[in-house]
Every structure is written in C-alpha cells, then in structure tokens.
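# Chains, contacts and geometry: an overview
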Amino acid sequence: MKKPIIILITIFIVIIAIFFNWYTNKVQSAKEITAFNSMFEQFTKKEITGVDVTTVLNKAIDNNEQYKISKKDNNIYENDGKYSIQICIKLEEEGNYYPMEALEQIGVLGFTKAYATALFKMTNIEYHENRKNFKN
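Residues numbered from 1 in each chain as written. Predicted model: local features only at pLDDT ≥ 70, side-chain atom pairs only at ≥ 80, totals over all residues. Heavy atoms only, no water.

## What about the overall build of the chain?
In plain terms, the rule: Helix and strand labels come from DSSP, where a helix needs a run of H or I of at least four residues and a strand needs a run of E of at least two; each type is numbered from the N terminus. The buried label applies to any residue whose accessible area, calculated with a 1.4 Å probe on protein chains only, is under 20% of its type's maximum; exposed applies above 50%, and partly exposed to all values in between. Contact between two residues is taken to exist if any of their heavy atoms lie within 4.5 Å; hydrogens are not considered. Each accessible area is a Shrake-Rupley result for a 1.4 Å probe, and residues are judged covered by the shown protein chains and nothing else.
Assigned secondary structure in the chain consists of four helices and four strands. Listing each helix as α and each strand as β along the chain from the N terminus yields α-β-α-β-β-α-α-β. Principal-axis analysis of the C-alpha atoms places the extent of the chain at approximately 85 × 35 × 20 Å. Looking at the chain residue by residue over its 136 residues, the buried ones come to 26%. Of the contacts formed within the chain by residues at least 6 apart in sequence, a portion of 59% connects residues at least 24 apart. When the accessible surface of the chain is summed, it comes to about 9,900 Å², and 58% of that surface belongs to carbon and sulfur atoms.

Printed below as a string of structure tokens:
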C-alpha cells in the first residue's frame, strides 16, 4: 500500500520540479529580454548625438552578427522574426531613410566624424511578435 503512494508522491515532485524549472527559465528569459530592450529604449523620445547613434548602431550590428543573421542580396540583414535588429535613420534635410547597413558600408567611424554633435531623435521602436510581450 505504501509503495503506490511513494510512487505517486515521487511523480508529483518530479512534475513540480519540471514546472518550476520551466517557469524559472521563462522569468529569466523575460528579464534578459527586458534588459536588452532597455539598452535601446533609453534613447527613445529624446534628442541624442551622432555618437549615441553610433553606439546604437554598433549594438545592433553586434547583435545581428552574434545571432548570425543572414543578409539579403542588397547586404541588408534579414528579419528572422526573433533576434534580428533593423535600424533606419532619416536625415531631415534629405528626407531619405538609410538602413544601418548603408552606414556600416560607408563606415560607422565616418558617420561618427560627420555627425558626432548633430542631434537625432529615435521616434519608433517595433518588436518582433514573440518579444513584444516582454516590453517595459
């Protein structure tokens, strides 16, 4: 009689342990995503310098390289729906949007030298569908 009860209690404990591990991983993942997003969100809705733009560009490029995001034929990172980051910069005097890859090709250092003290404003952040739920 005691043997079936011990087996049921053991199974119950294993199920609870598996659930607890899954939940802990999900919470940790949400914290990591929130911390990662905040690196970019800190620049939202305020004026930033060209040096700050360079910082954001470098973080985005590093992220895409870390996750081995492939590039299209036009040398622009593809949207993988999960880890990719895409940044577009609009220069007011020209009215044109430039993807971060265009600035990467001409040299981020050259961009920094040309626009170090210029003021920019981040106006929009969009998240992949699977990550927007973790937004602050």
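There is more to say after this.
## Some remarks on the packing of helix 2 (residues 50–66) against helix 4 (residues 108–115)
Selection rule: Where helices are involved, their axes are fitted lines through C-alpha atoms of the stretch in contact, as for all axes, and angles between N-to-C directions lie from 0 to 180°. Roughly parallel means an angle under 35 degrees; roughly antiparallel means over 145; roughly perpendicular covers 65 to 115; every other angle is labelled oblique. Note on convention: near helix rotated counterclockwise from far helix by under a right angle means a left-handed crossing. Clockwise means right-handed. Three categories are distinguished: nonpolar for Ala, Val, Leu, Ile, Met, Phe, Trp, Tyr, Cys and Pro, charged for Asp, Glu, Lys and Arg, and polar for the others, with Gly belonging to the last.
Contact geometry of helix 2 with helix 4 gives a least axis separation of 8 Å together with a crossing angle of 165°. The angle between helix 2 and helix 4 places the two elements in the roughly antiparallel class. The two elements helix 2 and helix 4 cross, and the hand of that crossing is right-handed. Contact residues: helix 2 offers Gly50, Val51, Val53, Thr54, Asn58 and Ile61, while helix 4 offers Val108, Phe111, Thr112 and Tyr115. In terms of residue class, the contact of helix 2 with helix 4 is made up of six nonpolar, four polar and no charged.

## Focus: helix 1 (residues 2–41)
Definition in use: Here a helix's expected span is defined as the number of its residues, less one, multiplied by 1.5 Å.
Compared with an ideal rise of 1.5 Å per residue, which puts 40 residues at 58 Å, helix 1 spans 57 Å between its outermost C-alpha atoms and is within 8% of the ideal. All buried positions along helix 1 are accounted for by Ala30, Ile33, Asn37, Phe40 and Glu41. Buried residues in helix 1 make contact with helix 2.

## What about the environment of Glu101?
Put simply, the test is: A 3.5 Å cut-off defines polar contacts: any pair of N or O atoms within that distance qualifies, except that in protein one atom must be a possible hydrogen donor and the other a possible acceptor, and neighbouring residues in sequence count only when both atoms are side-chain atoms.
Here Glu101 shows up in helix 3 (residues 100–106). Between the alpha carbons of Glu101 and Glu78 there is a distance of 11 Å; along the sequence they are 23 residues apart. Discounting chain neighbours no more than four positions away, the residues touching Glu101 are Asn75, Ile76 and Tyr77. At 3.0 Å, the side chain of Glu101 forms a polar contact with the backbone nitrogen of Tyr77.

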